[in-house]
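Close look at the chain arrangement
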Amino acid sequence: ETGVTQTPRHLVMGMTNKKSLKCEQHLGHNAMYWYKQSAKKPLELMFVYNFKEQTENNSVPSRFSPECPNSSHLFLHLHTLQPEDSALYLCASSQERGTGGYNEQFFGPGTRLTVL
Amino acid sequence: GQSLEQPSEVTAVEGAIVQINCTYQTSGFYGLSWYQQHDGGAPTFLSYNALDGLEETGRFSSFLSRSDSYGYLLLQELQMKDSASYFCAVRDNTDKLIFGTGTRLQVFP
């Protein structure tokens, strides 16, 4: 256990559905991240939240909508997804210490998403 | 662009030593991290090098040469449980982690 939990672990949805992924961290960290992991590709950073404010939106399509109500919770709202969005979606958290400082990221187990 | 290159797959037998290389080309550099990910599991942190040289943590060691934009992860006394994917990641000048494509290590008895 890394202190970061994600639900659901598996999700199958149609292209017209709306669903949400949930992430919770129990580590007292001040930054949270969404990554996409596809086969044979590097982890792709999607969104970053520092102190609940979005500081990074890595050119992600608007069909993905993040929400960070507090420093412990992070959501990823999904709507009208495409089959190519099928992937493992990983949440991570870290304690940011300023530019250049090291901040190990702790990952959740991920949500395996399949879009039909 | 930014890129990190790793071998896609490495195989070895129990008890052996294996080295996984990582070369990088990124916008700025603060350090090189290594993460391990078992099938179906979350990536977990292994090591971090900000300065040149070798860092040792038990059976695992990590090396960095900033002048060569190169690092490696060295795994000694391999065990079956070490079978996993290993990712190098660079912290760039925007404080983001840029990950490599990962190296799948298979350890055979």
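This write-up is about the structure you can find in this document. (Residues numbered from 1 in each chain as written. Chains lettered and ligands numbered in written order. Predicted model: local features only at pLDDT ≥ 70, side-chain atom pairs only at ≥ 80, totals over all residues. Heavy atoms only, no water.)

**What about the overall build of chain A?**
- When helices and strands are counted, chain A shows zero helices and 11 strands.
- Over its C-alpha atoms chain A spans a radius of gyration of 14 Å, differing by no more than 12% from the 13 Å that the globule rule assigns to 116 residues.
- Counting only C-alpha atoms and orienting by the principal axes, one finds that chain A spans roughly 40 × 30 × 30 Å.
- In chain A, buried positions account for 47% of the 116 residues. (Helix = DSSP H or I, 4+ residues; strand = E, 2+ residues; numbered from the N terminus. Rg over C-alpha atoms; globule rule 2.2 N^0.38 Å. Buried < 20%, exposed > 50% of the residue type's maximum accessible area, 1.4 Å probe, protein only.)

**Remarks on the overall build of chain B**
- Helices and strands together make up the secondary structure of chain B, namely zero helices and 11 strands.
- Helices and strands appear in chain B in the N-to-C order β-β-β-β-β-β-β-β-β-β-β.
- In terms of overall dimensions, chain B is globule-like: its C-alpha atoms have a radius of gyration of 13 Å, near the 13 Å expected for 109 residues.
- A fraction of 56% describes how many contacts in chain B between residues 6 or more apart in sequence connect residues 24 or more apart.
- Within the structure as shown, chain B displays about 4,900 Å² of accessible surface, and the carbon and sulfur contribution to it stands at 48%.
- Mean positive and mean negative side-chain charge positions of chain B (6 and 12 charges, respectively) differ by 6 Å. (Contact = heavy atoms within 4.5 Å. Areas by Shrake-Rupley, 256 points an atom, 1.4 Å probe, with all protein chains shown as cover. Lys, Arg positive; Asp, Glu negative; His and termini not counted. Charge placed at Lys NZ, Arg CZ, Asp CG, Glu CD.)

**Examining the packing of aromatic side chains**
- Going through the model one piece at a time under the given rule, you end up with 12 aromatic pairs over all chains.
- For the ring pair F107 of chain A and Y35 of chain B, a centre distance of 5.7 Å and an interplane angle of 85 degrees mean the geometry is edge-to-face. Of the two residues, F107 of chain A is situated in strand β10 (residues 106–107) and Y35 of chain B in strand β4 (residues 31–37); the pairing between them involves two chains. For the residue pair F107 of chain A and Y35 of chain B, the accessibility class agrees, reading buried in each case.
- Pairwise contacts between aromatic rings join Y33, Y35 and F107 of chain A together with Y35, F45 and F99 of chain B into one cluster. (Phe/Tyr/Trp six-rings, centres within 6.5 Å; stacked < 30°, edge-to-face > 60°.)

**Notes on the interface of chain A and chain B**
- With 25 residues of chain A in contact, the opposing surface of chain B contributes 19 residues.
- Summing both partners gives a buried area of about 1,700 Å² for chain A against chain B, and 56% of it is carried by carbon and sulfur.
- Applying the counting criterion to the chain A and chain B interface returns zero salt bridges.
- Linking chain A to chain B there are two residue pairs in polar contact (both at pLDDT 80 or more).
- Within the residue set of the side of chain A that touches chain B, elements represented by two or more residues are β4 (31–37) and β9 (87–94) of chain A.
- Residue classes in the side of chain A that touches chain B are distributed as nine nonpolar, 10 polar and six charged. (Buried area = accessible area lost by both parts, 1.4 Å probe. Salt bridge = Lys/Arg side-chain N within 4 Å of Asp/Glu carboxyl O. Polar contact = N/O pair within 3.5 Å; in protein donor to acceptor, adjacent residues only side chain to side chain. Nonpolar A, V, L, I, M, F, W, Y, C, P; charged D, E, K, R; others polar.)

**Digging into the side chain of S38 of chain A**
- Positionally, S38 of chain A belongs in the loop between β4 and β5 (44–50).
- Its relative accessible area of 16% is what places S38 of chain A among the buried residues.

**What to know about the environment of L27 of chain A**
Residue and element names in this part refer to chain A.
- Topologically, L27 is positioned in the loop between β3 (18–25) and β4.
- L27 sits in the partly exposed class, given a relative accessible area of 33%.
- Along the backbone, L27 and M46 are 19 residues apart, and their C-alpha atoms lie at a distance of 21 Å.

**Focus on the sheet that holds β3 of chain A**
Residues and elements named next belong to chain A.
- Read across the open sheet, the four strands follow the order β1-β3-β8-β7; overall the sheet is antiparallel. Here the strands that pair on one side only, and so sit at the sheet edges, are β1 (4–7) and β7 (64–70). Direction aside, neighbouring strands of the sheet carry axes that sit 20 degrees apart on average.
- In terms of strand pairing, β7 meets strand β8 (residues 73–79) through five bridges, oriented antiparallel. Its bridge partner being in β8, E67 is matched across the sheet by F75. (Pairing = 2+ DSSP bridges. Axes fitted to C-alpha atoms, helices over the stretch in contact; angles between N-to-C directions.)

**Some remarks on the state of the cysteines**
All names here are of chain A.
- As enumerated under the stated definition, the model contains two disulfides over all chains in all.
- Between C23 and C91 runs a disulfide, and the two sulfur atoms are separated by 1.9 Å. Of note, the bridge from C23 to C91 carries an S-S torsion of about -70 degrees and is left-handed in sense. Here C23, found in strand β3, pairs with C91, found in strand β9; they are 68 residues apart in sequence, far enough to count as distant. (Disulfide = S-S within 2.5 Å.)

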